[in-house]
Amino acid sequence: MDALTARTAHTPVEAHAEPYRLRRAPMDSLNWLAVAALALILVIFYFVRKIPAYLALSFVVAVGYAGATAAQVDWHLPSEWMVIVIGLLFWSFGLLIVRLMLVRSVSLRLLARMDGGEQENIVEDIAGRLHDMRSFRLTRVQGDGTSMLTGWGRFVGVVVAALYSVFRIEA
Amino acid sequence: MTGLLLVAAALLAAMIGSELALRGTKLQTGLGRVLVAWTVVWAAALYPLLHYGAIGPIALTLFWGGAFLSWFGVRSHVESSILLRMLYMLRKQPMTEARVVESYSAHFGHASRIAELLRGGMTTESGGRQTITTKGRAILRIVSKLR
């Protein structure tokens, strides 16, 4: 029984008659398409530098893969297909964070300044985050000039405290 | 659904293994040990997933790479994010913006970043001067191509 026949078998008995590893070709079309989809996400990551456009395109690839391969899935054994789709979404999300780190990382900017022989001052970078916090409505400035957390900011603060504790990060 | 449960269990094992491997050090410093932990769990999960979970090695490897990248991104961001650190500081009491910057800089500012670059092997110190290593330059080249 080849891979495609195994996937499209109509009766559960037929589909489960042999151990999974015997029914499968080493790499069937589901896997080939998954590798192609991942390659496409990596190409998009390299060429599309605008974050909203990257997000939209990589999401289209992951969902496109799911849509294009749904007909090949043996719905009695959908785990592999689901793992691949989740994996593609993980790649999209992980690369998004990598892009954000490359753009915003203060340590990388410091390293670049050292390399360029520029003054190594990161106070401006740090102060810029205060503006971001206001933009994201995490903080607001009170009448006496002090910044305090909004309700949303307090919620995120609780999540951050929990993550610091789980990851054993110095608080 | 056995396959999905096994994958979830393997993912949890890799994340716990990473924390044990890091032993409280920064991710940048202990990245090698973390990669070993993820590779060991991936290798250990291959056979059970193939045999009991109907998930082949290619699917698992693709998933594993994406999961590692996402975990690394979130873990690294939580650890190093200035914004999240300032948010954490403001939980204790409202402060003026100047005070927030001053307080942050005192604990996690220039000196701390320089020390981290040194520990990560991206810079070296000689005669009181910091210079960039080959590794540091390679990272900057990669960053300039991907930014």
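Numbering of residues begins from 1 in every chain and follows the order in which that chain's sequence is written. Numbering of ligands from 1 and lettering of chains from A proceed in the order in which they are written. Under the rules for a predicted model, residues below a pLDDT of 70 receive no local features and side-chain atom pairs below 80 are neither given nor counted, while totals for whole chains, interfaces and linings still include all residues. Note that the side-chain values use all heavy atoms of the structure and ignore hydrogens as well as water.

## Focus: the overall build of chain B
Check the secondary structure of chain B and you find seven helices and three strands. Ordering the α and β elements of chain B from the N terminus gives α-α-α-α-β-α-α-β-β-α. For a compact globule of 147 residues, the expected C-alpha radius of gyration is about 15 Å, and chain B comes in at 20 Å, more than 25% above that figure. Across the 147 residues that make up chain B, the buried fraction comes to 47%. Whether two residues touch is decided by their heavy atoms; if any such pair falls within 4.5 Å, the residues are in contact. Put simply, 48% of the contacts in chain B that link residues at least 6 apart link residues at least 24 apart. Runs of H or I in DSSP of at least four residues are treated as helices and runs of E of at least two as strands, each being numbered from the N terminus. Put simply, the radius of gyration uses C-alpha atoms, and a globule should come to 2.2 Å times the residue count raised to 0.38. Relative accessibility decides the category of a residue: with a 1.4 Å probe and only protein chains considered, values under 20% of the type maximum give buried, values over 50% give exposed, and everything between is partly exposed.

## Details of the pairing of strand 2 (residues 123-126) of chain B
All names here are of chain B. Think of it this way: DSSP has to see at least two bridges between two strands before they count as a pair. For strand 2 and strand 3 (residues 129-132), the ladder comprises four bridges, and the chain directions are antiparallel. Paired with Glu 125 across the two strands is Gln 130, which belongs to strand 3. In sequence, strand 2 turns back onto strand 3 through a hairpin of two residues, with Gly 127 there showing a positive phi of about 60 degrees.

## A few points about helix 2 (residues 27-52) of chain B
Residues and elements named next belong to chain B. What the bend at a residue measures is the angle between two axes, fitted to the seven residues ending there and to the seven starting there. The largest bend in helix 2 is about 40 degrees, located at Arg 33. Considered for burial, the residues of helix 2 that qualify are Leu 27, Gly 30, Val 34, Ala 37, Trp 38, Val 41, Ala 45 and Leu 49. Phi for Ala 54, located one or two positions after helix 2, is positive at around 55 degrees.

## Overview of the domain arrangement of chain A
Segmentation of the chain into domains, including their bounds, is taken from an automatic or database domain assignment. Partitioning chain A into domains gives domain 1 (27-136) and domain 2 (139-171). Measuring from the centre of the C-alpha atoms in domain 1 of chain A to the corresponding centre in domain 2 of chain A gives 26 Å.

## What about the domain arrangement of chain B?
Residues and elements named next belong to chain B. Annotation of chain B at the domain level lists domain 1 (2-80) and domain 2 (82-146). Using only C-alpha atoms to locate each centre, domain 1 and domain 2 end up separated by 27 Å. Tallying the contact residues gives six residues for domain 1 and nine residues for domain 2. Defined here as a combined quantity, buried area equals the accessible surface (1.4 Å probe) lost by two parts on assembly, summed across both. Summing both sides of the interface, domain 1 and domain 2 together bury roughly 540 Å²; the carbon and sulfur share of this comes to 46%. The largest contributions to the domain 1 side of the interface with domain 2 come from Gln 28, Thr 29 and Ser 80, which together make up 69% of the buried area. Here, a salt bridge means any side-chain nitrogen of Lys or Arg that lies within 4 Å of a carboxyl oxygen of Asp or Glu. At the junction of domain 1 and domain 2, the tally comes to zero salt bridges. Side-chain atoms alone can form a polar contact between residues adjacent in sequence; in general such a contact is a pair of N or O atoms within 3.5 Å, and within protein one must be able to donate a hydrogen while the other accepts it. Applying the counting rule to domain 1 against domain 2 returns two residue pairs in polar contact (both at pLDDT 80 or more). With three residues, helix 3 (residues 57-80) is the largest single contributor of residues to the side of domain 1 that touches domain 2.

## Digging into the interface of chain A and chain B
Chain A puts 75 residues into the contact, and the matching count from chain B is 64 residues. When chain A packs against chain B, close to 6,300 Å² is buried across both sides, 75% of that on carbon and sulfur atoms. The largest share of the area that chain A buries against chain B comes from Val 83, Leu 111 and Phe 167 of chain A, three residues that together contribute 10% of it. Our enumeration of links across chain A and chain B arrives at two salt bridges. Taken together, the connections running from chain A to chain B amount to 14 residue pairs in polar contact (both at pLDDT 80 or more). Counting only elements with at least two residues in the side of chain A that touches chain B, the list comes to helix 3 (20-23), helix 4 (29-47), helix 6 (79-104), helix 7 (106-116), helix 8 (123-135), strand 1 (139-141), strand 2 (146-149) and helix 9 (151-166) of chain A. At 20 residues, helix 6 of chain A tops the list of elements feeding residues into the side of chain A that touches chain B. Residues were grouped as follows: Ala, Val, Leu, Ile, Met, Phe, Trp, Tyr, Cys and Pro as nonpolar; Asp, Glu, Lys and Arg as charged; and all remaining residues, including Gly, as polar. When its residues are assigned to classes, the side of chain A that touches chain B shows 51 nonpolar, twelve polar and twelve charged. Pairing of strand 2 of chain A with strand 1 (residues 95-96) of chain B, which is carried by two bridges, proceeds in the antiparallel orientation. Paired with Thr 146 of chain A across the two strands is Thr 96 of chain B, which belongs to strand 1 of chain B.

## Some points on the packing of aromatic side chains
All names here are of chain A. Each Phe, Tyr or Trp ring (for Trp, its six-membered ring) is paired with any other whose centre lies within 6.5 Å, and the angle between the two planes then decides the class: stacked below 30 degrees, edge-to-face above 60, tilted in between. Per the counting criterion, the structure on display carries twelve aromatic pairs over all chains. Ring geometry for Trp 75 against Trp 81: centres 5.2 Å apart, planes inclined by 70 degrees, an arrangement best described as edge-to-face. With relative accessibility at 13%, the residue Trp 81 sits in the buried group. Ring centres of Trp 152 and Phe 155 lie 6.0 Å apart, and the angle between their planes is 20 degrees; this geometry places the pair in the stacked category. Of this pair, Trp 152 and Phe 155 are both found in helix 9, three residues apart, which corresponds to roughly one turn of the helix.

## Digging into the side chain of Thr 69 of chain A
All names here are of chain A. Along the chain, the position of Thr 69 falls in helix 5 (residues 51-69). Engagement of the side chain of Thr 69 in a polar contact is seen with the backbone oxygen of Tyr 65, the distance being 2.6 Å. With residues up to four places along the chain from it excluded, the contact list for Thr 69 reads Leu 30, Leu 33 and Trp 81.

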